[in-house]
Amino acid sequence: MKIGLTGSIACGKSTVSAYLRELSLPVVDADAISRALTAPGGEALPALREAFGERVFCGDVLDRRALASLVFSDERERERLNALLHPRIREQIVRELCACPGPIAFADIPLLFECGMETLFDRIWVVTASRETQILRLHERDGLSREEACARIDAQMSQEEKIRRADAVIDTNGPVEATRRQIDSLLSQLDERSAR
């Protein structure tokens, strides 16, 4: 069974993924794939340089902050970035999912619905948190101002829409132990289904 894990920015997907890995369950990480594609020498760098020019580069290195600032303030630029990266990311996700051992594999994909990747999965789990929690986490994690945090949150599909399209919801507003209990419950439901 392949399960897609998604959710808006700073909703706690990394916490959920980390716990799944602790349980020895395979998790494909779309963000790690994206970072590899855009790291020094990465496959996507020539296309990014051609599309966005030197303003998002510092020598041979992609200036991620400059690129983020550009794409989160201009929807057309964001669409151009997505068109360059998403097909490459999707190909690698499929390769890694096919290589996962065992009966169940997860893929952590922040823009799963936006990229139309739901068709790759048997089930979709969405990770949620309140808007204020997202803003606080973005400030603590990335040093973003409230305005910057809101711009990034608003640039994504609404949590309500993701919840509507998901098979299960994991709420991360509470303590980590509460999040883990929700995951344990969902996993036990999967075990029950497979045992039937």
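What you see is a predicted model; the values in this text were computed from it and never measured.

What counts and how
Residues numbered from 1 in each chain as written. Predicted model: local features only at pLDDT ≥ 70, side-chain atom pairs only at ≥ 80, totals over all residues. Heavy atoms only, no water. Helix = DSSP H or I, 4+ residues; strand = E, 2+ residues; numbered from the N terminus. Rg over C-alpha atoms; globule rule 2.2 N^0.38 Å. Buried < 20%, exposed > 50% of the residue type's maximum accessible area, 1.4 Å probe, protein only. Polar contact = N/O pair within 3.5 Å; in protein donor to acceptor, adjacent residues only side chain to side chain. Contact = heavy atoms within 4.5 Å. Core = buried A, V, L, I, M, F, W, Y, C linked by side-chain atoms within 4.5 Å. Arc of directions from axis to C-beta.

Asker: What is the right way to read the overall build of the protein from this model?
Answerer: Within the protein one finds 9 helices and 7 strands. For 196 residues, the compact-globule estimate of 2.2 N^0.38 gives 16 Å, and the C-alpha radius of gyration of the protein, at 17 Å, lies within 12% of that figure. When its C-alpha atoms are laid out on the principal axes, the protein stretches across 55 × 35 × 25 Å. Expressed as a percentage of its 196 residues, the buried residues of the protein come to 45%.

Asker: Can you help me understand the side chain of glutamine 159 in this one?
Answerer: Mapped onto the secondary structure, glutamine 159 falls in helix H8 (residues 159-165). When its relative accessible area of 14% is taken as the criterion, glutamine 159 is described as buried. Within the structure, the side chain of glutamine 159 is placed 3.0 Å from the side chain of glutamine 134, a separation counted as a polar contact. Setting aside residues up to four positions removed in sequence, glutamine 159 forms contacts with Ser8, Cys11, Val127, Thr128, Ala129 and Gln134.

Asker: Is there a simple way to think about the nonpolar core in this case?
Answerer: Side chains of a nonpolar character, in soluble globular proteins, are inclined to be buried together. Ranked by internal contacts, the top residues of the largest apolar core, which has 34 residues, are Leu48, Phe52, Ile93 and Ile109. At the level of secondary structure, the elements contributing two or more residues to this core comprise helix H2 (30-38), helix H3 (45-52), helix H4 (64-71), helix H5 (75-99), strand S5 (105-108) and strand S6 (123-128). For this core, the element with the most residues is H5, which contributes 6 residues. Excluding anything up to four places from it in sequence, isoleucine 109 contacts Leu5, Thr6, Ala30, Ile93, Met117 and Phe121. Leu5, Leu25, Ile104 and Ala129 belong to the second-largest nonpolar core, a separate cluster that totals 19 residues.

Asker: Before we go on, may I ask you to explain H4 in this structure?
Answerer: For an α-helix, the turn length of 3.6 residues means that residues three or four places apart are oriented alike. For H4, the complete set of buried residues consists of Leu67, Ala68, Leu70 and Val71. The buried residues of H4 occupy an angular sector of 160 degrees when projected down its axis, which confines them to one face. Tucked inside the fold, the buried residues of H4 contact H3, strand S4 (61-62), H5 and helix H7 (146-154).

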